[in-house]
Amino acid sequence: MTASDTARARKVLSALFVGACALCVVLALVPLAFVLFFVVSQGVQSLNVDFFTHNPRPVGEPGGGMANAIVGTLMLTGLAAAMAVPIGILSGVYLAEYRGSRFASAVRFAADTLNGVPSIVIGVFAYAIVVLPFRHFSTLAGGFALGVMMIPIIARTTEELLLLVPNALREGALALGATRARAVFTVIVPAALPGIITGVVLALARIAGETAPLLFTSFNNRFFSTSLSQPISSITVQVFTYAISPYEDWHRQAWAGALVLVSIVLVCSMAARYAAARVASIRGR
Amino acid sequence: MNPPLVKVRVRGAEADLHDPAPAAHIETLKIDVEHLSFFYGEKRALEDISIQIRPNVVTAFIGPSGCGKSTFLRTLNRMNDIIPGARVEGRVCVDGQDIYRPGVDVVAVRRKVGMVFQKSNPFPKSIFENIAYGLRINKLTSNRSEMAARVEESLHQAALWDEVKDRLHESALALSGGQQQRLCIARALAVRPDILLMDEPASALDPIATQRIEELIYQLKAKFTIVIVTHNMQQAARVSDFTAFFWLGRLVEFERTDKMFTAPSEKLTEDYLTGRFG
């Protein structure tokens, strides 16, 4: 083989690999494109003002909406965030600060395991711990289940991001007479804040789409409720209920619900990106 | 095994210079280190170092890479405490107080002994907030105007005020490398330390920025005691009153800078200064 042949073979091989990579990217994106296409095309038809302002009608009566489920999803994710954001971030700080300790390794392993636990199992756990003692389904139980799912995600993300903060910043703070805790909370955490915000929102987006843990925690509610101790509707459970029903009108509402859910997640992600960019730009990065 | 290289005592340096006192008595010493050894785990990084530094002088630490000069500098404000497995033997007295005595408040030590690092490390906050940070965490000012005055004073001292006075609330990270390093100096000065430790403060800067830092060091010595680590012998010669030469974790020679650079008493120092090794 001559030198020019080798060079040509190399070029062909390179082109082949680049082509394969591009093909895989396209294949990976195809399902996403289809999901979005179907959700939007099917959902848009059934979206109207009633969908946002009315509660479900009784079986057989057309019309109505998902006002109660939208509020329910917001409350459930809000509760989950209220529980998981402080616990998750503080655990992340602990993991990053005491990364060498045996306890931290154990916590890290536990968090990773919890992350991999099927969400239905988390639901069972919340059922046993919150639903059974109170003897009925509640918003609180649903929020708890989602919060349990969020904690390990936030903790591990926070840890990773804190470890990216240059050690020089820590030394700078300590050299000015900061205690360790002070340095962490006034310099290191703020430096990682844009990333942490993004991580929290990604976790929120992930749990907002959960159905399984809610099935026997917050259950469902055909009426409008904001009570923490009563069952509450959520978009995901409502979509599930409607989608498996035999009614054409409910199928259409399920599509609309899916579209609203995707939109909420999208808006949250964009808001988080904006917030993170704002925080970062104030510091000139 | 060779005998100890030298036991260095400052002799020629005790007279004249800027200190009216004819001899350096214990009371007039700013830093008095006795038989200091430092260990990273089992590894001994510094061996039996004794050195005496008077107030308001600039002392330069020179020596080849890995000779322990930075490690030694960091024992002077206990920055090595944060390294797991680090251990110190001997005494480091600042104003007559051993900073390694049990019960000493490390935070108070670090406030008194400020530090500027090799690579400028401004916090990702505004210029103002960078300087105000030390004031806030140590609660050194009681109101906003006092804080603003302290910030301005520090920026003046670090010769940065004129360049940043119109953009105090912009990000510190938008400053140039030299400006960032002066910002870090200002930040260290804001808590009004007595001593300023500088770990190769100009090594990442261009010649013009370096010159500004050197001029600054010269001005600051009226108010502060400065210890600077440098790998640049010309810089040591330009900015310092005294020079300490470290080699393999030992202090080989500590002498007035002019004397060390013209007539070092140790062969090893001479070899290093003339570029025979290092």
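Computed from a predicted model, the values in this text were never measured in an experiment.

### Description of the overall build of chain A
Counting secondary structure elements, chain A contains 11 helices and 0 strands. Listed N to C, the secondary structure of chain A is α-α-α-α-α-α-α-α-α-α-α in terms of helices and strands. Computed over its C-alpha atoms, the radius of gyration of chain A comes to 24 Å, more than 25% above the 19 Å expected for a compact globule of 285 residues. Once the C-alpha set of chain A is aligned to its principal axes, its extents read approximately 70 × 65 × 35 Å. Here chain A holds 285 residues, and 38% of them are scored as buried. Considering only intrachain contacts with a sequence separation of at least 6, the fraction spanning at least 24 residues in chain A is 73%.

### With respect to the domain arrangement of chain A
Residues and elements named next belong to chain A. Segmentation of chain A into domains returns domain 1 (3–46) and domain 2 (52–282). Taking only C-alpha atoms, the centre of domain 1 and the centre of domain 2 are 32 Å apart. Opposite the 7 residues of domain 1 that make contact, domain 2 presents 7 residues. For the side of domain 1 that touches domain 2, the per-class residue count stands at 3 nonpolar, 4 polar and no charged.

### Here's the deal with the sheet that holds strand β4 (residues 86–94) of chain B
All names here are of chain B. The strand order β2-β1-β4-β5 describes an open sheet built from 4 strands, whose pairing is antiparallel. Both edges of this open sheet fall to β2 (43–53) and β5 (97–98), since each of them pairs with a single strand only. Looking at chain direction, β4 and β5 are connected through 2 bridges and run antiparallel. Note on β5: the bridge partner recorded for Val-94 is Gln-97.

### A word on the packing of helix α4 (residues 102–116) of chain A against helix α6 (residues 139–164) of chain A
All names here are of chain A. With their axes 8 Å apart at the nearest point, α4 and α6 run at an angle of 130 degrees to one another. Between α4 and α6, the angle is such that the two are oblique. Seen from above, α4 lies across α6 with left-handed handedness. On α6, the residues that touch Ala-111, Leu-114 and Asn-115 of α4 are Pro-152, Ile-153, Ala-155 and Arg-156. In terms of residue class, the contact of α4 with α6 is built from 5 nonpolar, 1 polar and 1 charged.

### Here we look at the interface of chain A and chain B
Between chain A and chain B, the contact holds 18 residues from the first and 24 residues from the second. Elements with a contribution of two residues or more to the side of chain A that touches chain B: α7 (167–175) and α8 (180–208) of chain A. Considering every element that reaches the side of chain A that touches chain B, the biggest residue donor is α7 of chain A, with 6 residues. In terms of residue class, the side of chain A that touches chain B is made up of 9 nonpolar, 5 polar and 4 charged.

### A short note on the pairing of strand β10 (residues 250–256) of chain B
All names here are of chain B. Buried residues dominate β10, accounting for 6 of its 7 residues. The sheet contact formed by strand β9 (residues 242–247) and β10 spans 6 bridges and is antiparallel. Looking at the pairing, Ala-244 lines up with Phe-254 of β10. In textbook terms, the turn of a hairpin is the stretch between consecutive antiparallel strands, and for β9 and β10 this stretch comprises 2 residues, one of which, Leu-248, has a positive phi near 50 degrees.

Cut-offs applied
- Residues numbered from 1 in each chain as written.
- Chains lettered and ligands numbered in written order.
- Predicted model: local features only at pLDDT ≥ 70, side-chain atom pairs only at ≥ 80, totals over all residues.
- Helix = DSSP H or I, 4+ residues; strand = E, 2+ residues; numbered from the N terminus.
- Rg over C-alpha atoms; globule rule 2.2 N^0.38 Å.
- Buried ≥ 20, exposed ≤ 12 C-beta atoms within 10 Å, placed from the backbone.
- Contact = placed C-beta atoms within 7 Å.
- Domains from an automatic or database assignment.
- Nonpolar A, V, L, I, M, F, W, Y, C, P; charged D, E, K, R; others polar.
- Pairing = 2+ DSSP bridges.
- Axes fitted to C-alpha atoms, helices over the stretch in contact; angles between N-to-C directions.
- Parallel < 35°, antiparallel > 145°, perpendicular 65-115°, else oblique.
- Left-handed = near helix turned anticlockwise from the far one by under 90°.

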